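Spelled out, the chains give:
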Amino acid sequence: MPAQAAPFTLRLADGRAWAGAEFPGGFVCVHHPNEINVCTIAASLAALTEDRSPGDPLHGAQVERHG
């Protein structure tokens, strides 16, 4: 059976929560719930959250893994 994507929640510093999934091989996709059909794709969770400037919505975001 192929590996499944692992869901997570990205808690933004302003209190919003974005749903995401980490896929086999490490890349991630995060849905922006307030924007129709907008997602952020990154090579890894670290690449998604590190080195963000203060004006970026991902600055200070925390990952909550599920299961």
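Above this text you will find the structure in question.
About the thresholds
- Residues numbered from 1 in each chain as written.
- Predicted model: local features only at pLDDT ≥ 70, side-chain atom pairs only at ≥ 80, totals over all residues.
- Heavy atoms only, no water.
- Helix = DSSP H or I, 4+ residues; strand = E, 2+ residues; numbered from the N terminus.
- Contact = heavy atoms within 4.5 Å.
- Salt bridge = Lys/Arg side-chain N within 4 Å of Asp/Glu carboxyl O.
- Buried < 20%, exposed > 50% of the residue type's maximum accessible area, 1.4 Å probe, protein only.

What to know about the environment of Leu-48
Residue position: Leu-48 is located in helix H1 (residues 45-49). Along the sequence, Leu-48 and Val-28 sit 20 residues apart, while their C-alpha atoms lie 8.0 Å from each other. Not counting residues within four places of it along the chain, the set of residues in contact with Leu-48 comprises Leu-10, Val-28, Val-30, Thr-40, Ala-42 and Leu-58.

Topic: the pattern of salt bridges
Enumeration over the complete set of coordinates arrives at four salt bridges. Note that Asp-14 and Arg-16 form a salt bridge whose closest N and O atoms lie 2.8 Å from each other. Taking the relative accessible area as the measure of exposure, Arg-16 reaches 32% and is therefore partly exposed. Among the salt bridges present, the one from Arg-52 reaches Asp-56, with a minimum N-O distance of 2.9 Å. The partly exposed category is assigned to Arg-52, whose relative accessible area is 25%. For Asp-56, a relative accessible area of 22% translates into the label partly exposed.

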